[in-house]
Amino acid sequence: HWLALVLSASGKFDEALRQIEIAQQLDPDSIFAVAAHGNILLYARQYSFAAERYRKILRRDAGFIPAYMGLRRALELSGQHDEAMNILGQERIYHA
């Protein structure tokens, strides 16, 4: 998933998405690959798809703080400020 993140940081979102899909096929249980997928989608301004990735993580591991942070950011950037504040409250429960 590291190559995908580097490609994303370079603005090569299509290639980054292809690489992260390969990474997830190779290790379908990797929560970090799913998080990287969410991050790439977030950087590519595909906020609703990014939010789906972060929610998938939280269904598997409700204590994975980076997923709350990514989900909150995706919601904020898509204008869903009230829902983002709710996520912040949930994040604080686990981050305390």
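The coordinates are above.
Residues numbered from 1 in each chain as written. Predicted model: local features only at pLDDT ≥ 70, side-chain atom pairs only at ≥ 80, totals over all residues. Heavy atoms only, no water.

Chemist: Tell me about the overall build of the protein chain, and please be specific about residues and values.
Modeler: What the protein chain contains, in helices and strands, is 6 helices and 0 strands. If you list the helices and strands of the protein chain from N to C, you get α-α-α-α-α-α. Taken over C-alpha atoms, the radius of gyration comes to 13 Å for the protein chain, in line with the 12 Å a tight globule of 96 residues would show. For the protein chain, the spread of C-alpha atoms along the three principal axes comes to 35 × 25 × 20 Å. As presented, the protein chain carries roughly 5800 Å² of accessible surface, and 53% of it is formed by carbon and sulfur atoms. Separation of charge centres in the protein chain, based on 11 positive and 11 negative side chains, amounts to 3 Å. (Helix = DSSP H or I, 4+ residues; strand = E, 2+ residues; numbered from the N terminus. Rg over C-alpha atoms; globule rule 2.2 N^0.38 Å. Areas by Shrake-Rupley, 256 points an atom, 1.4 Å probe, with all protein chains shown as cover. Lys, Arg positive; Asp, Glu negative; His and termini not counted. Charge placed at Lys NZ, Arg CZ, Asp CG, Glu CD.)

Chemist: How would you sum up the environment of Arg-18? Please name residues and give values.
Modeler: For Arg-18, the location among the structural elements is in helix α2 (residues 13–26). Expressed as a C-alpha distance, the spacing of Arg-18 and His-37, which sit 19 residues apart in the sequence, is 10.0 Å.

Chemist: Go over the packing of aromatic side chains with me, naming the residues and quoting the values.
Modeler: If you walk through the whole model with that rule in mind, you get 1 aromatic pair. Relative to Phe-64, the ring of Phe-32 lies with its centre 5.7 Å away and its plane at 75°, an arrangement referred to as edge-to-face. Placement of the pair is Phe-32 in helix α3 (residues 31–43) and Phe-64 in the loop between α4 (47–60) and α5 (65–77), with a sequence separation of 32 residues. A residue is classified by how much of its surface remains accessible, and Phe-64, at 12% relative accessible area, is buried. (Phe/Tyr/Trp six-rings, centres within 6.5 Å; stacked < 30°, edge-to-face > 60°. Buried < 20%, exposed > 50% of the residue type's maximum accessible area, 1.4 Å probe, protein only.)

Chemist: Could you give me a rundown of the environment of Glu-91, with the residues and numbers involved?
Modeler: Within the secondary structure layout, Glu-91 lies in helix α6 (residues 81–95). Note on Glu-91: relative accessible area 9%, which makes it buried. Separated by 61 residues in the primary sequence, Glu-91 and Ser-30 place their C-alpha atoms 21 Å from one another. When residues no more than four places from it in sequence are discounted, the contact partners of Glu-91 are Ile-65, Tyr-68, Met-69 and Arg-72. (Contact = heavy atoms within 4.5 Å.)

Chemist: Please give an account of the pattern of salt bridges that cites residues and values.
Modeler: Under the definition given, this model contains 5 salt bridges. As a salt-bridge pair, Glu-76 and Arg-72 come within 4.0 Å of each other at their nearest N and O atoms. Residue Glu-76 and its partner Arg-72 are both found in helix α5; the two are separated by 4 residues, about one turn of the helix. Taken together, the shared-partner salt bridges connect Arg-72, Arg-73, Glu-76 and Glu-91 into one network. (Salt bridge = Lys/Arg side-chain N within 4 Å of Asp/Glu carboxyl O.)

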